[in-house]
Amino acid sequence: VAGCRVIHIKTIPTVNAGELSYFEATHEIPFDIKRIYYISKVPEGTRRGFHAHKELKQVLFCPYGRIQLVLENKNGREEIELSDPSIGVVIEECTWREMLWLQKDSVLCVAASDFYKTEDYIRDYDEFNEIVRKSHD
Ligand code: TYD
């Protein structure tokens, strides 16, 4: 998998109805979680993201709805659809991401390795490519 690693989030049916998903610090998540955030109330067809991070690592998951991820790093570019609450995607540093809301009100949750730091963002695609190319030399 080019831009990420797909993990299975433990998910169990609960007594009356529905499912419960959970994850804990495991070898599957290669960092300590310092921050959780989520993006909600997004209309269908919205595109977000368009950045990479210099250091930050994240796990992305979608507890409700359908979101397409486009991920790109030194290994290439790939698309993955998040529509299953029991699926998570581990995104390492220096990975460009774009997200497309395929369904209204889909929720994107993120568990991140660090606090919010503006200076960690790479918002320019050319700059991202330059950094990836340099790290490859
Ligand atoms: P941003 O990362 O720009 O979202 P996107 O690129 O997906 O549109 O974040 C939007 C705003 O929220 C920006 O002003 C920064 C702020 N923000 C925080 O204060 N803390 C956070 O953990 C995140 C993710 C964003």
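Predicted model only: the values in this text are computed from it and were never measured.

Parameters and conventions
- Residues numbered from 1 in each chain as written.
- Predicted model: local features only at pLDDT ≥ 70, side-chain atom pairs only at ≥ 80, totals over all residues.
- Helix = DSSP H or I, 4+ residues; strand = E, 2+ residues; numbered from the N terminus.
- Rg over C-alpha atoms; globule rule 2.2 N^0.38 Å.
- Buried ≥ 20, exposed ≤ 12 C-beta atoms within 10 Å, placed from the backbone.
- Expected span 1.5 Å × (residues − 1).
- Near = placed C-beta within 6 Å.
- Nonpolar A, V, L, I, M, F, W, Y, C, P; charged D, E, K, R; others polar.
- Pairing = 2+ DSSP bridges.
- Axes fitted to C-alpha atoms, helices over the stretch in contact; angles between N-to-C directions.
- Core = buried A, V, L, I, M, F, W, Y, C linked by C-beta atoms within 7 Å.
- Contact = placed C-beta atoms within 7 Å.

Undergrad: Quick one: what's the story with the overall build of the protein, residue by residue and with numbers?
TA: On a plain count of helices and strands, the protein comes out with one helix and twelve strands. Put simply, the protein runs from its N terminus to its C terminus through helices and strands in the order β-β-β-β-β-β-β-β-β-β-β-β-α. Against the globule reference of 14 Å for 137 residues, the protein gives a C-alpha radius of gyration of 15 Å, in line with a compact fold. C-alpha atoms of the protein, sized along the principal axes, occupy 55 × 35 × 25 Å. Residues classed as buried in the protein amount to 22% of the 137 residues present.

Undergrad: Run through helix H1 (residues 125-136), naming residues and quoting values.
TA: Because an α-helix packs 3.6 residues into every turn, residues spaced three or four apart end up facing the same way. Look at H1: 17 Å from first C-alpha to last across twelve residues, which is about the 16 Å you get at 1.5 Å a residue. Little of H1 is tucked away, with one of its twelve residues classed as buried.

Undergrad: I'd like to hear about the site of the ligand, residue by residue, with values.
TA: Residues in contact with the ligand, as listed here, are Arg-35, Tyr-37, Arg-48, Gly-49, His-51 and Tyr-116. Elements with a minimum of two residues in the shell around the ligand: strand E4 (35-39) and strand E5 (47-53). Per-element accounting of the shell around the ligand gives the leading share, three residues, to E5. When its residues are assigned to classes, the shell around the ligand shows two nonpolar, two polar and two charged.

Undergrad: Tell me what's going on with the sheet that holds strand E1 (residues 5-8), and back it up with residues and numbers.
TA: Hydrogen bonds between backbone groups are what pair the strands of a sheet, and the pairing can be parallel or antiparallel. One open sheet holds the five strands; their spatial order is E1-E9-E6-E11-E4, and the pairing between them is antiparallel. Each edge of the open sheet carries a strand with a single partner, namely E1 and E4. When strand polarity is set aside, the average angle formed by the axes of neighbouring strands in this sheet is 25°. Where E4 meets strand E11 (residues 107-112), five bridges bridge the pair, whose relative direction is antiparallel. Bridge pairing in E11 places Ile-36 opposite Ala-111.

Undergrad: So, the nonpolar core: which residues are in play, and what are the values?
TA: Within the largest apolar cluster, 17 residues are counted, with the highest numbers of intra-cluster contacts made by Leu-60, Ile-67, Leu-69, Leu-82 and Val-89. If you tally residues by element for this core, the top one is strand E6 (residues 58-64), at four residues. Not counting chain neighbours up to four residues away, the residues in contact with Leu-69 comprise Leu-60, Glu-79, Ile-80, Leu-82, Val-89, Arg-97 and Met-99.

Undergrad: Could you give an account of the sheet that holds strand E10 (residues 96-101), with specific residues and numbers?
TA: Taken together, the five strands give an open sheet; going across it, the order is E8-E7-E10-E5-E12, and neighbouring strands pair in antiparallel fashion. Sheet topology places strand E8 (76-82) and strand E12 (121-122) at the edges, where each strand pairs with a single neighbour. Two elements, strand E7 (residues 67-73) and E8, share seven bridges in a ladder whose sense is antiparallel. Counterpart to Leu-71 in the pairing with E8 is Glu-78.

Undergrad: So, the environment of Ser-106: which residues are in play, and what are the values?
TA: Residue placement: Ser-106 occurs in the loop between E10 and E11. Separated by 23 residues in sequence, Ser-106 and Asn-129 have C-alpha atoms that sit 30 Å apart. The contacts of Ser-106, once residues within four sequence positions are left out, are Val-42, Cys-62, Tyr-64, Gly-65, Arg-66, Ile-67 and Trp-101.

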